[in-house]
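Report on the structure
Listed below, chain by chain, are the residues.
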Amino acid sequence: MLCSISGSVPEEPVVSKVSGHLYEKRLVLKIIQETGRDPVTDEPLAADDLVTLQVGKAINPRPTPATSIPGLLSLFQNEWDATVLELHQLRTSLHKTRQELSHALYQHDAATRVIARLLQERDGYRAAAEAAAATRAAAPADANGKRGAEADGGEDGGDAKKAKGGVTARVVEALTAASDELSRGRKKRVVPPSTATPEEVGRLALAHTLPLHKTRKGGILAIDLAPGSGDLAATAGADGCVQVYDVTGARSVAELAGHSKRVNDVRFLGSADLLASASADRTVRLWRRGEAEGDYAAAATLADQAGEVVALVVHPSNDYLVAAAADGTWAFYDVAQALCLTKVADEGAAYSAAALHPDGLILSTGTEGAAVKIWETRTQKNVANFEGHTGRINSLSFSENGYYMASAATDGVRIWDLRKLKTIRTLNLFSEGTPTTAVAFDYSGLFLGVGGSDVRVVGAKQDWAELATLTGFPKKGVSSLRFGTDAKRLLVGASDHNLRVFDV
């Protein structure tokens, strides 16, 4: 007979008249004193409801492991291991609680600043309205009942008009200036001599396998590298978290938890200090790093779209962000203000991918219905449509040279010439029925990584010929790709929780 509380043989067994359960007398009396209820059924229980059982007083033999010194050492070791594991779990829980508290404090601080700004704007509008009313009351009327010139919008009247939301002339000017500067720089840019050669790319081999996300909800859906550093990577997981990882140092830097559903995309904004994540919970979150290396906290939550946010693209100036959603809208954000400047709806479309041209003026969107559309970011106009795919568009990538765009769909890969607005090459690298899930150009534009059941790397200067095949992935295949510095490293996310790093 075992105690229903401790699970061990009781020294003074008693039975509850209320529930019929067997207990150790001293344990159940303590619980009755504290709660007055049966510890199993939670029914009212008093000490008078306990019936003492008479049992033999024979001495129990020692358990077999306790009959020798090695056995005792083994028992002590097991207890020590259990204690250490429990301590580790407590420390992990404490760290997670601290992170959640930090996120909540940052969110509260951000909300306070927003409220203060709104109150200031409200007071300004009230003051302007009162001034306008006073001006109208003081303005003389002529014989026809018309207002005087000053009250009718003369020199002071124009100040009453406030700027509306949207892509303003100032934003358009900034986009144009950035595009002009990048275009001039691209014409002078040469491929660095340190860039990998086709032969070196052909020698890419698995260097590390890094388990980053939870195993119960595997899948790394997107990868990004911090600008200026080929070491710090951010991964978007199906477990609803963003992991920041030092690839070279092989150590976890931070886990960003806040989304309630899977994270579809993640992007650094200019440096490792700020990044954005897009989720199936219909939000975009901005994360800002504090003074400590891994001290990331939520800086803003953007919820302007009705469908899950499937893709993020960052403007080359790092001042603006575009989010594409499954409801057929793409939103244009001012990063500094965490403000949606405009939202463009594409009726009947369900976006599944997006990419931004290196100059920042051309946005490409892919849909569930096999359509690839080109948009002008300054005017938000659809300027071109690329037709040819027959399946869902899974990924889009622009070459850094500005001339080519690659699209991956369930029916294969197409290379588009943006100058001629047509397909120049169709790549069917995998067996029939195997979807192509990801494409990514390297920074030089010389190499294109293609993900499906495995990973293939093709060369732009080699007439899009296959240079390398990387294998060893789960059955569901590859979900994301990202080239490292000088194309000498390739990061691959698959349907499990492991980040695979291939080095030359």
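Right, let's walk through the structure included here. (Residues numbered from 1 in each chain as written. Predicted model: local features only at pLDDT ≥ 70, side-chain atom pairs only at ≥ 80, totals over all residues. Heavy atoms only, no water.)

Its place among the elements puts threonine 301 in strand 12 (residues 296-302). Excluding its chain neighbours within four sequence positions, the residues that come into contact with threonine 301 are Thr283, Val284 and Arg285. (Helix = DSSP H or I, 4+ residues; strand = E, 2+ residues; numbered from the N terminus. Contact = heavy atoms within 4.5 Å.)

Attention now goes to a nonpolar patch on the surface. Judged by side-chain polarity, Ile69, Leu72, Leu73 and Phe76 come together as a nonpolar surface patch covering roughly 420 Å² of accessible area. On the basis of relative accessibility, which here comes to 63%, the residue isoleucine 69 falls in the exposed class. (Patch = residues over 30% accessible without salt bridge, like charges linked within 9 Å, V, L, I, M, F, W, Y side chains within 5 Å. Areas by Shrake-Rupley, 256 points an atom, 1.4 Å probe, with all protein chains shown as cover. Salt bridge = Lys/Arg side-chain N within 4 Å of Asp/Glu carboxyl O. Buried < 20%, exposed > 50% of the residue type's maximum accessible area, 1.4 Å probe, protein only.)

Here we take up the sheet that holds strand 31 (residues 498-503). One open sheet holds the four strands; their spatial order is 4-31-30-29, and the pairing between them is antiparallel. Looking at strand neighbours, the two that pair on one side only are strand 4 (205-211) and strand 29 (478-483), the edges of this open sheet. The mean angle between the axes of side-by-side strands here comes to 20°, regardless of whether they run parallel or antiparallel. Relative to strand 31, strand 30 (residues 489-494) runs antiparallel, the two being bridged by five bridges. (Pairing = 2+ DSSP bridges. Axes fitted to C-alpha atoms, helices over the stretch in contact; angles between N-to-C directions.)

Let us look at the packing of aromatic side chains. All chains considered together, the criterion is met by six aromatic pairs. Geometrically, the ring pair formed by tyrosine 320 and phenylalanine 332 is stacked, given 5.3 Å between the ring centres and 25° between the ring planes. Of this pair, tyrosine 320 sits in strand 14 (residues 320-325) while phenylalanine 332 sits in strand 15 (residues 329-334), and the two are 12 residues apart along the sequence. Both residues of the pair, tyrosine 320 and phenylalanine 332, count as buried. Taking the centre distance of 6.0 Å and the plane angle of 45° together, the rings of phenylalanine 473 and phenylalanine 502 count as tilted. With phenylalanine 473 in the loop between strand 28 (465-470) and strand 29 and phenylalanine 502 in strand 31, this residue pair connects regions lying 29 residues apart in the sequence. With a relative accessible area of 14%, phenylalanine 473 lands in the buried category. (Phe/Tyr/Trp six-rings, centres within 6.5 Å; stacked < 30°, edge-to-face > 60°.)

Side-chain pairs of opposite charge can arise whenever the charged atoms involved come near each other. As enumerated under the stated definition, the model contains 16 salt bridges in all. For aspartate 273, the salt bridge goes to arginine 289, with nearest N and O atoms at 2.7 Å. Taken as a pair, aspartate 273 in the loop between strand 9 (263-268) and strand 10 (274-279) and arginine 289 in strand 11 (residues 284-289) lie far apart in primary sequence, 16 residues in all. Note on aspartate 273: relative accessible area 35%, which makes it partly exposed. Between aspartate 496 and arginine 500 there is a salt bridge, with the nearest N and O atoms lying 2.9 Å from each other.

Nothing here speaks to function; it is geometry throughout.
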